[in-house]
Amino acid sequence: MAGAGISTPSGIPDFRTPGTGLYDNLKQYKIPYPEAIFDIEYFYYNPRPFFTLAKELYPSGQWRPNAVHYFVRLLHEKGLLLRMYTQNIDGLERLAGIPPAKLVEAHGTFSMATCQRCRKSYPGEEIKGEIFDKKLPRCKKTGCNGIVKPDIVFFGEDLPRRFYLYLSDFPQADLLIVMGTSLEVEPFAGIVDSTRLYVPRLLINRDAVGPFKKQRRMSDVTSEGDLVKNVLSMVKMLDWTKELLEVQQTHESRSREQQTHQPNETLVHSDQDSESKNKATEQAIVESKSSSENSEKTTTGATSKPQTNNLTGINRPNFRSFHSLAKSNSVVRGMPRTVSSSVLPSIGSQSYRGVAADGDSSSSSSSEDDSSEESSSS
């Protein structure tokens, strides 16, 4: 299980850290409150703020995976990874080469998009150009012209079907690793208790959170402090250091070869970025070798404020009046006129009231149930 903390070492800001977090830097979008930019009701009223922000969030090669992502990739290479459950929407898990079948992107993904009127699906790359050209992506189905939204999970939307794989995955697992999350956003946070009671749970985080702080199990282990350093320290204990570097360097070199066929400023920047991150990883490994393995604690990079999907206490405007205004004045074309359960597909018994702040993967097209895979898992 992973949250935004595993991506902050790659340079991606989290959502709630005061001063640097995304929610503290949304004044330019002129929205009633920060979370509104990910509220499905507000999106139906005015989608432009989200698409302006989406240009900054869209996976474009600017950010590269770090050692934590490649550690999970190495678990897969060794046949130990049953599934990775991530809250992130940055797509770095996919960029690290973790197969989509091994991912549950609980808070959605930019890899797919859906028309909000007719529900037609589109590959994320198909609407990327319009988003970067500051246009509202429109459905190309004859007679529709609806707004096409990336499949990231908004306040008021259900989680993707794949999220419920945890019902079969977690009872199979013989180890649960939790990294870079405050374990505050439900229902994602709640599944940490779905493992068998005697199964070890390892928290690698800046601070102890959730059940690792309260109501700990006898087999729980916490490693607090810097996330990358402590992941590398654990890799050293496992004698996997050389293999981790090989996985990272091989994958990055392949990525650079692919990028040479479609050069642009962003990709050139990402080349330099990935090289610097390789050097940083190597340097961190050298440092970890010279320090005491047991004195280090792992960081989450998670947000300093609790991440909660509960909107209680937030001064939310009455969006029903916004919808009435939109209907009477035709403010936004291509949107459903009202917000009801019929607007969105029924995906599960639970309704997600959390923002896609830490996480990435609603690709409903990849609905294959991989629960029959090997029970040896991490």
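Okay, so let's go over this structure. (Residues numbered from 1 in each chain as written. Predicted model: local features only at pLDDT ≥ 70, side-chain atom pairs only at ≥ 80, totals over all residues. Heavy atoms only, no water.)

### Let's talk about the overall build of the protein
Helix and strand counts for the protein come out as 10 helices and 8 strands. The burial tally for the protein puts 54% of its 378 residues in the buried class. Contacts spanning at least 24 positions in sequence make up 75% of the contacts within the protein whose residues lie at least 6 apart. On the protein, roughly 16800 Å² of surface is accessible, and the fraction owed to carbon and sulfur atoms is 50%. (Helix = DSSP H or I, 4+ residues; strand = E, 2+ residues; numbered from the N terminus. Buried < 20%, exposed > 50% of the residue type's maximum accessible area, 1.4 Å probe, protein only. Contact = heavy atoms within 4.5 Å. Areas by Shrake-Rupley, 256 points an atom, 1.4 Å probe, with all protein chains shown as cover.)

### A closer look at the nonpolar core
Within the largest apolar cluster, 31 residues are counted, with the highest numbers of intra-cluster contacts made by F38, F43 and F50. Elements represented by at least two residues in this core include exactly helix 1 (40–45), helix 2 (48–57), strand 3 (108–115), helix 5 (124–132) and strand 5 (148–152). With 5 residues, the single largest contributor to this core is helix 1. Each residue touching F50, except ones within four places of it in the same chain, is listed here: I37, F38, F43, K149, P150, I152 and F154. If you look at the next biggest cluster of nonpolar residues, it comprises 27 residues, including A2, L232, W240 and V247. (Core = buried A, V, L, I, M, F, W, Y, C linked by side-chain atoms within 4.5 Å.)

### Brief notes about the sheet that holds strand 4 (residues 121–123)
With antiparallel pairing, the 3 strands of this open sheet are ordered in space as 4-3-5. Edge strands, defined here as strands with exactly one partner in the open sheet, are strand 4 and strand 5. Between one strand and the next, the sheet's axes are offset by a mean angle of 40°, whatever the strand orientation. In the sheet, strand 3 pairs with strand 5 via 4 bridges, with the strands oriented antiparallel. When the bridges of strand 5 are listed, T114 appears paired with K149. Here helix 2 sits on the sheet and contacts strand 3 and strand 5; the angle it forms with strand 5, its principal contact strand, is near 50°. Where helix 5 meets the sheet, it contacts strand 3, strand 4 and strand 5, and its direction lies at approximately 75° from that of strand 4. (Pairing = 2+ DSSP bridges. Axes fitted to C-alpha atoms, helices over the stretch in contact; angles between N-to-C directions.)

### Things to note about helix 3 (residues 67–77)
Among the 11 residues of helix 3, 9 are classified as buried, and the element is accordingly described as predominantly covered. Within helix 3, burial applies to A67, V68, H69, Y70, F71, V72, R73, L74 and L75. Where helix 3 begins, one side-chain oxygen reaches toward the backbone nitrogen of V68, 2.8 Å away; that side chain belongs to N66. Looking one or two residues past helix 3, G79 carries a phi angle of roughly 75°, positive in sign. (Polar contact = N/O pair within 3.5 Å; in protein donor to acceptor, adjacent residues only side chain to side chain.)

### Some remarks on the packing of aromatic side chains
Under the defined criterion, the tally for this structure stands at 13 aromatic pairs. Each ring, one from F43 and one from F154, has its centre 5.6 Å from the other, and the planes form 80°; the classification is edge-to-face. Of this pair, F43 sits in helix 1 while F154 sits in the loop between strand 5 and helix 6 (166–172); the two residues are 111 residues apart in sequence, bridging distant segments of the chain. The same class applies to F43 as to F154, namely buried. Here the aromatic rings of F50 and F154 are separated by 5.0 Å at their centres, their planes lie at 70°, and the arrangement is edge-to-face. Of this pair, F50 sits in helix 2 while F154 is found in the loop between strand 5 and helix 6, placing the two residues 104 residues apart along the sequence. Both residues of the pair, F50 and F154, belong to the buried class. Through pairs of rings, three or more aromatic residues link up here, namely F38, F43, Y44, F50, F51 and F154. Over the ring of F154 we find K149, and its NZ or CZ is 4.4 Å from the ring centre. (Phe/Tyr/Trp six-rings, centres within 6.5 Å; stacked < 30°, edge-to-face > 60°. Lys NZ or Arg CZ within 6 Å of the ring centre and 35° of its normal.)

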